[in-house]
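Coordinate analysis (summary)
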Amino acid sequence: MAINLYKTSTPSTRNGTVDSQVKSNPRNNLIYGQHHCGKGRNARGIITAGHRGGGHKRLYRKIDFRRNEKDIYGRIVTIEYDPNRNAYICLIHYRDGEKRYILHPRGAIIGDTIVSGTEVPIKMGNALPLSAV
């Protein structure tokens, strides 16, 4: 992942860096609309908490926390920013054709292979049950 340095034009942009990720449109079958009701309003719709609401519309990405694709290798295709959490997520293409999002393992880059199961090597990105560690 490259880090982009920008030329200073104002004091607020001094020493600014941006960590560039692969930006892509999220997969349609892995996202769904998130209903943001409330925004500081009560049941009648009257504002009761000031300075709340607004913001950009966000779509929820379904994250595979269970990692139950056992002994099937997957390849990291994209690394994206998730607007619903302060973490990056990875799109994984498994060899059986399935695609899933996982949380980005630190140090993993695009093209790495990951696998989950009981007899997999212990390395960054692989998932093992606690009984196998």
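Residues numbered from 1 in each chain as written. Predicted model: local features only at pLDDT ≥ 70, side-chain atom pairs only at ≥ 80, totals over all residues. Heavy atoms only, no water.

Now for the overall build of the chain. The helix and strand inventory of the chain stands at 0 helices and 8 strands. Starting at the N terminus and ending at the C terminus, the chain contains elements arranged as β-β-β-β-β-β-β-β. Within the chain, the proportion of its 133 residues that are buried is 26%. Within the chain, counting contacts between residues at least 6 apart in sequence, those at least 24 apart form 47% of the total. When the accessible surface of the chain is totalled, it reaches about 9700 Å², and 52% of it is carbon and sulfur. (Helix = DSSP H or I, 4+ residues; strand = E, 2+ residues; numbered from the N terminus. Buried < 20%, exposed > 50% of the residue type's maximum accessible area, 1.4 Å probe, protein only. Contact = heavy atoms within 4.5 Å. Areas by Shrake-Rupley, 256 points an atom, 1.4 Å probe, with all protein chains shown as cover.)

To continue, consider the pairing of strand 6 (residues 88-94). Across the 7 residues of strand 6, 5 count as buried, placing the element largely inside the fold. Two elements, strand 5 (residues 74-81) and strand 6, share 7 bridges in a ladder whose sense is antiparallel. From the neighbouring strand, Glu80 faces strand 6, where its bridge partner is Ile89. As defined by bridge partners, strand 6 adjoins strand 7 (residues 99-103) across 5 bridges and the pair is classed as antiparallel. When the sheet's bridge partners are listed, His93 is paired in strand 7 with Lys99. In textbook terms, the turn of a hairpin is the stretch between consecutive antiparallel strands, and for strand 6 and strand 7 this stretch comprises 4 residues, one of which, Gly97, has a positive phi near 95°. (Pairing = 2+ DSSP bridges.)

With respect to the element layout, Glu80 can be found in strand 5. Of the side chains with opposite charge, Arg61 comes closest to the buried, unpaired Glu80, at an N-O distance of 4.8 Å. Side chain to side chain, Glu80 and Tyr101 meet in a polar contact 3.2 Å long. (Lys, Arg positive; Asp, Glu negative; His and termini not counted. Salt bridge = Lys/Arg side-chain N within 4 Å of Asp/Glu carboxyl O. Polar contact = N/O pair within 3.5 Å; in protein donor to acceptor, adjacent residues only side chain to side chain.)

The next thing to look at is unusual backbone geometry. Peptide bonds are, in most cases, trans, and in most cases residues other than glycine have a negative phi. Residues other than glycine seldom take positive phi values, yet His51 does so here, at roughly 60°. Mapped onto the secondary structure, His51 falls in the loop between strand 3 (31-33) and strand 4 (59-61). The phi dihedral of Asp71 is positive, around 55°, even though this residue is not glycine. The residue Asp71 is located in the loop between strand 4 and strand 5 in this model.

A few words on the sheet that holds strand 6. The strand order 7-6-5-8 describes an open sheet built from 4 strands, whose pairing is antiparallel. At either end of the open sheet lies a strand with only one pairing partner, and these are strand 7 and strand 8 (113-114). The sheet contact formed by strand 5 and strand 8 spans 2 bridges and is antiparallel. Each bridged residue has a counterpart across the sheet, and for Arg75 the counterpart in strand 8 is Thr113.

With that settled, the discussion passes to the confidence of the model for the chain. The predicted structure's coordinates, where accompanied by low pLDDT, should not be read in detail. For the chain, the average pLDDT comes to 85, and 88% of its residues sit at 70 or higher. By mean pLDDT, strand 2 (residues 17-19) is the weakest element of the chain at 62, and strand 8 is the strongest at 96. (pLDDT = per-residue confidence, 0-100.)

All right, on to the packing of aromatic side chains then. For the coordinates displayed, the defined rule picks out 2 aromatic pairs. Ring centres of Tyr32 and Tyr60 lie 5.5 Å apart, and the angle between their planes is 50°; this geometry places the pair in the tilted category. Here Tyr60 lies in strand 4 and Tyr32 lies in strand 3, a separation of 28 residues in the sequence. Aromatic pair Tyr81 and Tyr88: ring centres 5.9 Å apart, planes at 75°, arrangement edge-to-face. (Phe/Tyr/Trp six-rings, centres within 6.5 Å; stacked < 30°, edge-to-face > 60°.)

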